[in-house]
Amino acid sequence: MPLRNLRLQQRLMAIMLVTSACVLVMTCAGFFAYEFLTFRQSMVRQLSTVAAIVADNSTAVLAFEDRKGAEEILSALKAERHIAEAGLYDGEGRLFSTYPKDADPGEFPPAPAAEGFRFGGGYLQGFQAVVQNDKRLGTLYVKSDLKAVTARFQLYGAVVVLVSGLAFLLAYLLSRALQRQISGPILALADTARAVSDRRDYSVRARQAGTGELGLLTDAFNQMLTQIQGQLTRMELLNQITRAISERLDLTSVFQVMLGALEENLAVDFICVCRYDADARLLTVTSVGAKAAPLAEELGMTANARIPIDDGLRQCVGGQFTYEPDITNLRHTFTDRLADKGLRSMALSPLLVDSGVFGILIAARKVPDGISRMDREFLRQLSDHGALAAHQAHLYGALQQAYEDLRRSQQAVMEQERLRALGQMASGIAHDINNAISPAALYTESILERETNLSTQSREHLQTIAHAIEDVAATVARMREFSRQREPNANSVPVQVNKSIQQVIDLTRSRWHDTPQQRGIVIKIKTELDPGLPPVMGVEGEIREALTNLFLNAFDSMPEGGTLTLRTRKGKDKDVIAEVSDTGAGMDEETRRRCLEPFYTTKGERGTGLGLAMVYGVAERHGAELQIDSAPGKGTTMRIVFPEAEEAIAERQAPEAPAAPLRLRILVVDDDPLVAKVLRETMKMDGHEVATANGGQAGIDTYLTARKSGAPFDLVMTDLGMPYVDGRKVAAAVKAASSATPVILLTGWGQSLLEDGDMPPHVDKLLSKPPKMADLREALASLAPKKTAGGIPA
Amino acid sequence: MPVLRSLFLMLLASVSAAVAQGAPDREHRVKAVFLFNFAQFVDWPDSVFADPDEPLVVGILGDDPFKAYLDEVVRGEKVNNRPIVVKRFRKVEEIKDCEVLFVSPSESPRLEGILSSLKQKHILTVGESEDFQRYGGMVNFATEGGKIRLKINLEQVQEAGLSVSSKLLRLADVSGARRE
């Protein structure tokens with residue numbers, strides 16, 4: 001295993017042991033080398049000493065050729081067990097004696113060589129002169145094996161192994177004990193680091209480890225932990241604040257949350273948020289921290305206070321975070337203002353969105369350089385988040401507004417559509433009813449007018465029938481009113497709304513004064529009329545009727561009494577506004593939404609559900625807007641907003657009185673035989689000559705035939721809606737044959753048919769079903785051809 | 001060694017020459033060398049020599065059994081820086097300066113007188129007759145089994161004020177108690 005992968009303790013120990021081993025090996029190697037050299041020297045010395053002694057002792061034996069003595073002397077060499085061989089040579093160089101004495105003389109050098117000892121061939125050997133009193137008597141040869149060296153080095157080896165082993169053991173024990181000095185603090189540090197990373201707990205601290213490098217390391221580590229802990233706390237706080245402000249959707253609340261959090265967690269004496277108006281070069285204080293409020297009073301920097309941009313603020317509104325450790329020396333208007341109240345250090349953080357700086361965050365302390373780097377960073381980050389949240393709140397508001405507008409207009413369109421559909425349905429029903437009751441109405445009227453000898457009872461019954469028919473006709477008319485669209489120029493006159501209101505108050509007196517008072521209920525009428533109100537263009541009767549309906553609804557909503565307020569005023573763009581307010585029950589949302597629908601009523605049996613529908617119809621036709629403000633229990637205000645009168649048209653003259661009876665040849669064209677018959681009969685009674693034709697084509701044929709035969713009809717009265725050939729075609733045919741012949745169009749569709757334009761071409765007069773005798777007579781009178789003039793009266 | 005070898009050859013040549021002059025037997029050649037060698041192992045009192053360069057005299061009393069061989073042996077040799085001189089004496093009275101004296105067997109009949117007259121004279125007396133030591137001779141060559149053995153009367157040697165190297169004594173048969 002590589003050293004770097006070992007654990008610290010093992011590593012330290014390994015290093016120490018390797019070092020010790022190296023030292024030991026080097027020491028031993030030196031020791032061995034020294035011993036090797038010195039031992040050889042000492043061996044040579046030793047051998048030469050022995051040789052010298054033996055040689056000295058050998059002088060006599062050589063001198064006197066005593067071989068036995070020589071053997072004895074040489075045999076003394078056995079005391080040196082490493083001496084393998086020795087030999088004495090005489091003065092002539094002949095081998096005189098050997099050791100051991102039975103040694104093979106052949107093994108000895110044949111003659112003595114130079115004195116001295118040398119190593120070679122695994123032996124130390126050499127020659128020593130035998131001299132007595134300067135007389136060279138012979139030579140001694142000595143040969144020593146090197147077992148002494150081997151033995152010596154074996155001994156040394158054993159000693160080295162033993163000592164090294166002990167030294168190594170000692171080194172191991174020492175290193176194990178001593179490495180704790182280093183590894184202990186480092187391992188403690190590592191444990192702390194592990195604890196921190198495992199538990200994400202940055203509050204633990206490493207144990208202090210003295211003042212050395214390890215102590216410094218531990219200090220640095222602990223400091224780092226403190227910083228990380230601080231950063232984490234800040235981050236956590238930033239997160240909390242960010243989360244809190246991102247839930248707020250209005251600016252003020254976003255800023256309040258921001259300032260509150262800052263005051264709670266940062267050492268600041270003054271803190272506020274200002275909006276920046278780049279055009280006016282002004283800051284407007286938006287929010288001030290709660291704790292900073294008294295100081296803000298002193299500074300004159302409460303909400304909505306304005307601060308002009310000076311040099312001290314310019315950098316920040318340019319988008320840069322600014323920090324002034326001491327503002328006393330800056331001499332700007334704004335900083336002096338803060339400095340006067342004892343503030344010393346100040347940080348300005350811009351609130352930035354894509355479009356630029358829209359505000360700044362001001363934080364200040366009463367101590368110089370009182371806002372730490374960490375706090376400033378925090379302020380800066382929080383400003384970024386706050387700016388984003390504020391921007392989002394702003395966008396959200398705009399979005400909400402747009403959505404609300406869209407929803408309203410969608411609702412209005414839907415309502416209009418629904419009402420239009422209902423109107424068409426109502427129109428169809430009205431047509432059928434009008435057709436159905438036309439005979440009944442005409443006959444009843446005719447009988448009442450002509451049969452003078454009726455019994456009183458019969459006459460009363462007929463009159464009742466006539467009233468009933470009129471009621472039906474009125475109901476159907478109201479129904480039609482609702483669906484009828486604006487009829488251009490149809491009796492549009494300047495109408496004084498104030499006057500109409502007065503009339504309505506008078507007309508409905510019995511409903512709001514007499515009847516309730518009998519039951520002890522008081523309804524108070526209040527009028528707030530604008531005397532300078534301009535007239536509106538419209539049909540006076542319709543306006544009056546609409547107001548009446550609003551009155552009656554208001555009374556109905558106050559069964560226990562209350563106040564009814566009538567108000568007129570000028571709106572913007574010269575609009576004329578008429579308001580009817582009551583203090584009654586009010587409407588819930590559902591009712592408010594549906595109240596304009598025909599037949600929708602909250603009055604049960606008593607209501608027709610047509611009142612407000614009719615008001616709506618009138619308003620629509622007058623280009624006016626019907627507004628309803630209502631809530632349950634809060635009363636209702638109905639408001640009609642008329643557009644400005646375009647032109648003042650002179651009031652029309654009242655229609656002329658019916659002329660004297662005439663005698664005319666009249667052709668009645670209708671696909672409903674009953675209607676044709678009743679028309680023929682009623683007009684005959686007035687003295688006219690009346691022919692009928694069943695259907696459009698028959699009508700045209702009859703008219704043309706009569707014209708050819710020289711007895712043309714003076715006037716054609718035709719139904720509008722007929723299969724195949726309708727009233728318009730009939731009129732066209734008649735006019736084609738004789739443009740002077742008047743054509744009256746009779747229709748159960750009322751005037752709704754004509755919503756898209758004027759009178760249909762070729763038609764001189766339009767009459768609704770059921771026609772009244774008076775209307776008929778007036779039409780005939782006005783259209784009776786005058787023999788002199790061929791045109792049609794205007 | 002070439003030098004040694006040439007020396008050896010030179011020595012050999014001179015010996016051959018001596019033999020040609022009338023060489024002694026092998027025994028006396030050895031004894032001649034021994035006689036010279038005694039000078040190496042015996043110390044004389046300083047009073048014996050008048051000056052440091054005075055030669056050490058090896059004398060022969062009576063017939064010379066060594067002939068010229070002894071002269072060859074001592075030629076060029078020195079003992080303690082003293083040259084060695086061989087002197088031949090006919091009568092004991094002739095002997096004045098002498099350190100080693102070989103008493104030839106020819107003097108055996110007068111041996112007692114000779115030896116007694118030489119007492120106190122610091123002369124190492126060497127003989128080769130059996131009764132040499134009986135009359136006060138100091139060193140006697142005895143032949144045993146063809147080998148020459150040295151017999152030393154230490155008492156006599158010491159009485160003569162001479163000291164003999166222990167190395168020599170070890171080889172020899174020593175008689176006479178040591179007086180101390």
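The structure displayed is predicted, hence computed values, not measured ones.

Caption draft 1: Representation of the interface of chain B and chain A in the model. Every contact between the two is made by 21 residues of chain B and, on the other side, 20 residues of chain A. Roughly 1,700 Å² of surface becomes buried between chain B and chain A when both sides are summed, with 56% attributable to carbon and sulfur atoms. On the chain B side of the contact with chain A, B:Q40, B:K167 and B:L171 bury the most area, a combined 32% of that side's loss. Put simply, chain B and chain A have two salt bridges between them. One salt bridge connects B:E77 with A:K135, and the closest N-O pair in it is separated by 2.8 Å. Connecting chain B to chain A are eight residue pairs in polar contact (both at pLDDT 80 or more). Breaking the side of chain B that touches chain A down by element, the ones donating at least two residues are α1 (2–22), α2 (26–41), β3 (78–79), β8 (147–153) and α6 (166–171) of chain B. Per element, the largest residue contribution to the side of chain B that touches chain A is eight residues, and it comes from α2(B). Its residues placed into classes, the side of chain B that touches chain A shows 12 nonpolar, three polar and six charged.

Caption draft 2: Examining the packing of aromatic side chains more closely. All names here are of chain A. Enumeration over the complete set of coordinates arrives at 14 aromatic pairs over all chains. Ring centres of F127 and Y141 lie 5.1 Å apart, and the angle between their planes is 40°; on these two criteria the pair is classed as tilted. Separated by 14 residues along the polypeptide, F127 in strand β4 (residues 123–132) and Y141 in strand β5 (residues 135–145) bring together distant segments of the chain. Just as F127 is buried, Y141 falls in that class too. Through a chain of ring-to-ring contacts, three or more aromatic side chains come together here, namely F31, F32, F36, F153 and Y156. Taking the ring centre of F119 as reference, the NZ or CZ of R40 above it sits at 4.0 Å. One Lys or Arg, K143, reaches over the ring of Y123 and ends 4.2 Å from the middle of that ring.

Caption draft 3: Fine view of the sheet that holds β5(A). Residues and elements named next belong to chain A. The strand order across the open sheet formed by five strands is β2-β1-β5-β4-β3, and the pairing between neighbours is antiparallel. In this open sheet, the two strands that pair with only one neighbour each are β2 (95–99) and β3 (116–120). When the angles between neighbouring strand axes are averaged without regard to direction, this sheet yields 15°. Packing of helix α1 (residues 8–63) onto the sheet brings it into contact with β1 (83–90), β2, β3, β4 and β5, and relative to β4 it is tilted by some 35°.

Caption draft 4: Fine view of the confidence of the model for chain B. Mean pLDDT over chain B works out to 83, with 86% of the residues at or above the 70 mark. Here the complex is predicted with pTM 0.42, and the ipTM for its interfaces comes to 0.81.

Caption draft 5: Summary view of empty space enclosed by the protein. All names here are of chain A. The final tally for this structure, using the stated rule, is two cavities of 30 Å³ or more. When its volume is computed, the largest cavity comes out at roughly 90 Å³. In terms of lining residues, the second largest cavity is bounded by T682, M683, D686, M773, L776, R777 and L780. Looking at the lining of the second largest cavity, the elements that each hand over two or more residues are α16 (673–685) and α19 (773–783). Sorting elements by how many residues they give to the lining of the second largest cavity places α19 first, with four residues. When the residues that make up the lining of the second largest cavity are grouped by side-chain class, the tally is four nonpolar, one polar and two charged.

Caption draft 6: Geometry of the pattern of salt bridges. Taken as a whole and judged by the stated rule, the model has 42 salt bridges over all chains. Salt-bridge contacts for B:E107 lead to B:R110; the nearest nitrogen and oxygen are separated by 2.6 Å. What makes B:E107 buried here is its relative accessible area of 6%. Residues joined in a network through salt bridges with shared partners are A:E528, A:R567, A:R569, A:E579, A:D629 and A:R639.

Caption draft 7: Fine view of the pairing of β8(B). Residue and element names in this part refer to chain B. Direction of pairing for strand β7 (residues 139–144) relative to β8: antiparallel, over a ladder of six bridges. Within β8, the position partnered with N140 by the bridge is K151. Counted between consecutive antiparallel strands, the loop separating β7 from β8 contains two residues, among which G145 sits at a positive phi close to 60°.

Rules of the game
Residues numbered from 1 in each chain as written. Chains lettered and ligands numbered in written order. Predicted model: local features only at pLDDT ≥ 70, side-chain atom pairs only at ≥ 80, totals over all residues. Heavy atoms only, no water. Contact = heavy atoms within 4.5 Å. Buried area = accessible area lost by both parts, 1.4 Å probe. Salt bridge = Lys/Arg side-chain N within 4 Å of Asp/Glu carboxyl O. Polar contact = N/O pair within 3.5 Å; in protein donor to acceptor, adjacent residues only side chain to side chain. Helix = DSSP H or I, 4+ residues; strand = E, 2+ residues; numbered from the N terminus. Nonpolar A, V, L, I, M, F, W, Y, C, P; charged D, E, K, R; others polar. Phe/Tyr/Trp six-rings, centres within 6.5 Å; stacked < 30°, edge-to-face > 60°. Buried < 20%, exposed > 50% of the residue type's maximum accessible area, 1.4 Å probe, protein only. Lys NZ or Arg CZ within 6 Å of the ring centre and 35° of its normal. Pairing = 2+ DSSP bridges. Axes fitted to C-alpha atoms, helices over the stretch in contact; angles between N-to-C directions. pLDDT = per-residue confidence, 0-100. 1 Å grid on protein atoms, 1.4 Å probe; cavity = no way out; pocket = protein on both sides within 12 Å on 5 of 7 lines; lining within 4 Å. Points joined across faces, edges and corners; volume = space filled by probe spheres on them.

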